[in-house]
Amino acid sequence: MPPLVGGAGPQQDAAAGDLGEVLDGVMASLHETHSRGWLGLRLPSFPVLDGKLCGLRGLMLLGAGPGVGKPHLPLQLGLDALSEQGAGLVYLSLEMSKDELGLRLLAMASDLAYRRLRLGDQGLKPVEGLKLNDADRQRLGKGLSQLNTLKPRIRLHGSADIGSMSADGGAPSRWYAPLASMVEDAKSSMGVSRALVVVDNLQAIAVESPHGRPWASDMDRDRVVIEGLTRLQHDTGDAVLVVSEVTKGNFKEADTQAAILGTGRNAYRAYAVMLLKRRDGEDGRVDLMIDKGRDGMIRGKVELEWDAEYTRLRESDGQRA
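Residues numbered from 1 in each chain as written. Predicted model: local features only at pLDDT ≥ 70, side-chain atom pairs only at ≥ 80, totals over all residues. Heavy atoms only, no water.

Student: In this structure, what is going on with the overall build of the protein? I would like to understand it.
Tutor: Within the protein one finds nine helices and eleven strands. Within the span of the protein, comprising 321 residues, buried residues form 47% of the whole. For the protein, contacts bridging at least 24 residues in sequence account for 68% of all contacts bridging at least 6. Carbon and sulfur atoms provide 51% of the accessible area of the protein, an area that totals close to 15700 Å². (Helix = DSSP H or I, 4+ residues; strand = E, 2+ residues; numbered from the N terminus. Buried < 20%, exposed > 50% of the residue type's maximum accessible area, 1.4 Å probe, protein only. Contact = heavy atoms within 4.5 Å. Areas by Shrake-Rupley, 256 points an atom, 1.4 Å probe, with all protein chains shown as cover.)

Structure follows, in structure tokens:
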């Protein structure tokens, strides 16, 4: 793999690359992973996916077409990751506002359809300003209580917080530095040692080319963007899940990493590449295809379905047998 743009260059330490030091590090990591029995952030609500990935870790890409669940699944995985003590969720949205993210989280936690939560039941008279029946009001109360418990370990940054970033002429991939600062500041304020960082989405990342000139090509832009995201993951040490659109022709057949919108370079640096696609002829059911996985990840399909209220995805019961 070629060095990242803007890297420090070859190490000058005479001991760098010494096999003995490498093996010492490998053995230390084995003691750690054997004691934990797992590698990444656990996903108790998604046991099949959890087993295939051995937890969320590294740089991951999640691709999907419109209307499949692209905003829902990352938020659900983020809530799931909070089951681990000392873990946080940092959501960086380049398209939605913090209020939109908060509404989606509240709908999930309350088991209320997003539209029902947003508009209420128009056939009811408002009670304390809300047009919800007693059952829905109880659900909303439980959802608020759950999120109030979790909120010290959740940080949401909307599009207005992020804006565009600049690629320095000497080190273009350093455009990610403001994002890394946001993540580290969030972890410090939450008092957590690690986090799931969600970047939504890849195509909305606005990076101005060096010296104000237009990008020479889409490949040049994609290279700088994906290298910056790779460095974001390396520098923070956190699991980074990047949401991506898929090419128009792959809305229904997003099976492989070639479906990720871009020049093709985007998928190569990722630890895992996952794609959401509708299951043909089965309304409310989708497949999560793991097309690429490093470091012990298992490729394959995870069957998902929407619950009755369409507030969240869950794994199909049949594959857990």
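Student: Just checking my understanding: could you explain the sheet that holds strand 10 (residues 300–306) for this structure?
Tutor: Think of a sheet as strands paired side by side through backbone hydrogen bonds, with each pair either parallel or antiparallel. Within the open sheet, the nine strands sit side by side as 3-2-5-7-1-8-9-10-11. Their pairing is mixed. In the strand order of this sheet, the two ends are held by strand 3 (154–157) and strand 11 (313–315), each with one partner. Going across the sheet, the axis of each strand differs from the next one's by a mean of 20°, ignoring polarity. In this sheet, strand 9 (residues 285–293) lies alongside strand 8 (residues 272–278) in antiparallel orientation, the contact comprising seven bridges. Bridging across to strand 9, Arg278 finds its partner in Val286. Helix 4 (residues 98–110) rests against strand 2 (87–93) and strand 3 of the sheet, and its axis sits at about 135° to strand 3. (Pairing = 2+ DSSP bridges. Axes fitted to C-alpha atoms, helices over the stretch in contact; angles between N-to-C directions.)

Student: How should the pattern of salt bridges be read in this particular structure?
Tutor: Two side chains bearing opposite charge may form a pair once their charged atoms approach each other closely. Per the counting criterion, the structure on display carries 17 salt bridges. Between Glu305 and Arg314 there is a salt bridge; the shortest N-O distance is 2.5 Å. Given the relative accessible area of 10%, Glu305 is considered buried. Taken together, the shared-partner salt bridges connect Arg285, Glu305, Arg314 and Asp317 into one network. (Salt bridge = Lys/Arg side-chain N within 4 Å of Asp/Glu carboxyl O.)

Student: Explain the pairing of strand 8 to me, please; I cannot follow it from the model alone.
Tutor: Look at any regular strand and the pattern is simple: side chains alternate between the two faces of the sheet. A large share of strand 8 lies buried, amounting to six of its seven residues. Examined bridge by bridge, strand 1 (residues 59–64) and strand 8 share five bridges and lie parallel to one another. Across the sheet, Met60 pairs through a bridge with Ala272, a residue of strand 8.

Student: Please clarify how unusual backbone geometry should be interpreted in this entry.
Tutor: For residues besides glycine, phi is generally negative; the peptide bonds are generally trans as well. With an omega of 5°, the peptide bond running from Asp200 to Asn201 counts as cis. Tracing the chain through its elements places Asn201 in the loop between strand 5 (194–200) and strand 6 (207–208). The phi angle at Glu128 is positive, at roughly 55°, despite the residue not being glycine.

Student: I'm lost on the environment of Gly55 in this one. Help?
Tutor: Examined against the element boundaries, Gly55 turns out to sit in the loop between helix 2 (47–53) and strand 1. C-alpha separation for the pair Gly55 and Leu43, spaced twelve residues apart in sequence, amounts to 6.6 Å.

Student: Would you mind showing me how to read helix 8 (residues 177–190) here?
Tutor: One turn of an α-helix holds 3.6 residues; hence residues three or four places apart share an orientation. Its 14 residues give helix 8 an end-to-end C-alpha distance of 20 Å, which sits within 8% of 20 Å, the value for a rise of 1.5 Å per residue. Of the positions making up helix 8, those classed as buried are Leu179, Ala180, Met182, Val183, Ala186, Lys187 and Met190. Taken end-on, helix 8 shows its buried residues confined to a sector of 160°, consistent with a single buried face. Those residues of helix 8 that are exposed and angled more than 90 degrees off the buried face are Asp185 and Ser188. On its buried side, helix 8 packs onto strand 2, strand 3, helix 7 (159–162), strand 4 (165–166), strand 5 and helix 9 (218–236). At the exit of helix 8 stands Gly191, carrying a positive phi of roughly 70°. (Expected span 1.5 Å × (residues − 1). Arc of directions from axis to C-beta.)

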